[in-house]
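In case you want the letters, here they are:
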Amino acid sequence: MPQPEFHDDDFSNPEAPENERHLRPDHPHVRDLSYERSRGRQAMDLWKGSLIATVTEPWDAYPDLSQIPEGAVPGPSLTLFVKERSRGAGYVADFVYKAADLPVTVHGVLVNQGAGLGVIELELWRPDWGYWDDFGDFVGPADNDASTAVALPITGDVLRRIPLGQIVAQAQAELASQSWKSEGVTTIGLRSAESRQPGELAPASVRALEIAGTLAQPAKRGRPPLEEALLHELAHAYLREAGNGPGLHRRLADLFERPEPTIKDWIKAARERGYLSPAIPGRRAAGPGPLLSHRTEGGSPPPPPLA
């Protein structure tokens, strides 16, 4: 593979000698040290500049660790890493999932770009696996003599046992709860782990947690509520078109550029909210409701045309 070409604006210190230049921290080729080190280093990099939330642990089923029965199988673990430096538009968090019945560790990136919380990147790691870097070189285990052959390949069965839907749902529930506002968070520093209350968090940490919590909110289901102005306009159009014979719904559908079932739902809502009256016996069309300022009966002026 050809080497990528870099220019002065790619470096944070372009004046330095060529072998001492460093790519900008926000450069697209930099994601911590993930693309230049082994998978073990990539896993360690997740802890840097991150706020960590443990969603599930292997022994959650046994609150009293001294009472774990012999031969018990550990459950899955799911850990979220909210990076203080966002990975891109809509970034929410990284996650790492492990399970006893999976021969791989699952790493993914959660985002919300307007269509709800989802996975935009997914990687499967094994400690003894290597990878091809951007320069076409194979980066393998620390032992140069170690075999890079894969003993157990990733099969369809392995992929089916990765519960991505459950992972996304659990991550969403954890992030959307914003429990950190009352319970604080645990941060990993150079010395040790520290528990910090909300008032002790750095502004960058608070901003990252607030953004993640907002983007992880469940998407609203169903149709958006109908605005009063729309129903008012629909009622006027309905009363104007009602006297033009059959095809009322079709004409309104063409006028509002919506399918006929939607128009029927709008008419029903206009009746329920008082813009149109219930259908009068002996007449198919409804009359004006109490919320309309004009009336079409008794010689009153017709409704105004649509704008």
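The structure under discussion appears in the preceding block.
What comes next is a walk through the structure. (Residues numbered from 1 in each chain as written. Predicted model: local features only at pLDDT ≥ 70, side-chain atom pairs only at ≥ 80, totals over all residues. Heavy atoms only, no water.)

1. Section: the overall build of the chain
Each helix and strand in the chain was counted, giving eight helices and eleven strands. When each of the 307 residues of the chain is scored for burial, the buried share is 34%. Considering only contacts in the chain between residues 6 or more positions apart, those separated by 24 or more positions represent 46%. Accessible surface, the chain: about 19200 Å² in total, of which carbon and sulfur atoms supply 53%. (Helix = DSSP H or I, 4+ residues; strand = E, 2+ residues; numbered from the N terminus. Buried < 20%, exposed > 50% of the residue type's maximum accessible area, 1.4 Å probe, protein only. Contact = heavy atoms within 4.5 Å. Areas by Shrake-Rupley, 256 points an atom, 1.4 Å probe, with all protein chains shown as cover.)

2. Quick look at the packing of aromatic side chains
Per the stated rule, a full pass over the model turns up four aromatic pairs. With a centroid separation of 6.1 Å and 70° between ring planes, the pair formed by phenylalanine 6 and phenylalanine 11 is classed as edge-to-face. Classification of phenylalanine 11 by relative accessible area gives buried; the value is 15%. Between tryptophan 59 and tyrosine 62, the ring centres sit 6.1 Å apart and the planes meet at 55°, which makes this aromatic pair tilted. Looking at tryptophan 59, the relative accessible area reads 29%, which means it is partly exposed. The exposure class assigned to tyrosine 62 is partly exposed, which follows from its relative accessible area of 26%. Across the ring face of phenylalanine 11, the terminal group of arginine 21 is positioned such that the distance to the ring centre comes to 5.2 Å. (Phe/Tyr/Trp six-rings, centres within 6.5 Å; stacked < 30°, edge-to-face > 60°. Lys NZ or Arg CZ within 6 Å of the ring centre and 35° of its normal.)

3. Side note on the pattern of salt bridges
The final tally for this structure, using the stated rule, is five salt bridges. Aspartate 157 is the salt-bridge partner of arginine 161, the closest N and O atoms lying 3.0 Å from each other. Arginine 161 sits in the partly exposed class, given a relative accessible area of 30%. A cluster of three or more residues bridged by salt bridges with shared partners is formed by Asp101, Asp157 and Arg161. (Salt bridge = Lys/Arg side-chain N within 4 Å of Asp/Glu carboxyl O.)

4. A closer look at the pairing of strand S5 (residues 118-125)
Summarising the sheet, strand S4 (residues 105-111) and S5 pair through seven bridges and their orientation is antiparallel. Across the sheet, the residue bridging to valine 109 is glutamate 121, located in S5. Once S4 ends, the chain turns through six residues before running back antiparallel as S5, passing glycine 114 with a positive phi of about 105°. (Pairing = 2+ DSSP bridges.)

5. Overview of the packing of helix H7 (residues 248-256) against helix H8 (residues 260-273)
Running from N to C, H7 and H8 cross one another at 100°; their axes reach a closest spacing of 9 Å. Compared by their axis directions, H7 and H8 come out roughly perpendicular. Residues His249, Arg250, Leu252, Ala253 and Phe256 of H7 touch H8, and the partners they reach there are Glu260, Ile263, Lys264, Trp266 and Ile267. In terms of residue class, the contact of H7 with H8 is built from six nonpolar, one polar and three charged. (Axes fitted to C-alpha atoms, helices over the stretch in contact; angles between N-to-C directions. Parallel < 35°, antiparallel > 145°, perpendicular 65-115°, else oblique. Nonpolar A, V, L, I, M, F, W, Y, C, P; charged D, E, K, R; others polar.)

6. Here's the deal with the pairing of strand S2 (residues 77-83)
Counting buried residues along S2, seven of its seven residues qualify, which places the element largely inside the surrounding structure. Of the two faces of S2, the one lined by Ser77, Thr79, Phe81 and Lys83 and the one lined by Leu78, Leu80 and Val82 are each fully buried. Two strands pair when backbone bridges link them, and strand S1 (residues 50-56) and S2 are joined in this way by six bridges, in the antiparallel orientation. From the neighbouring strand, serine 50 faces S2, where its bridge partner is lysine 83. With five bridges connecting them, S2 and strand S3 (residues 91-98) associate as antiparallel partners. For leucine 78, the partnering residue across the bridge sits in S3 and is tyrosine 97.

7. Points about a nonpolar patch on the surface
On the surface, Val119, Leu122 and Leu164 cluster together to form a nonpolar patch covering roughly 200 Å² of accessible area. By the secondary structure assignment, leucine 164 is in helix H3 (residues 164-177). Here leucine 164 falls in the partly exposed class, since its relative accessible area comes to 31%. (Patch = residues over 30% accessible without salt bridge, like charges linked within 9 Å, V, L, I, M, F, W, Y side chains within 5 Å.)

8. As for the packing of helix H6 (residues 228-241) against H8
Remark: H6 packs on H8, axes separated minimally by 10 Å, with the N-to-C direction vectors making an angle of 100°. Compared by their axis directions, H6 and H8 come out roughly perpendicular. Note on element contacts: H8 touches H6 through Trp266, Ile267, Ala269, Ala270, Arg271 and Arg273, opposite Glu228, Leu230, Leu231, Leu234 and Tyr238. Here the contact of H6 with H8 is built from residues that sort into eight nonpolar, no polar and three charged.

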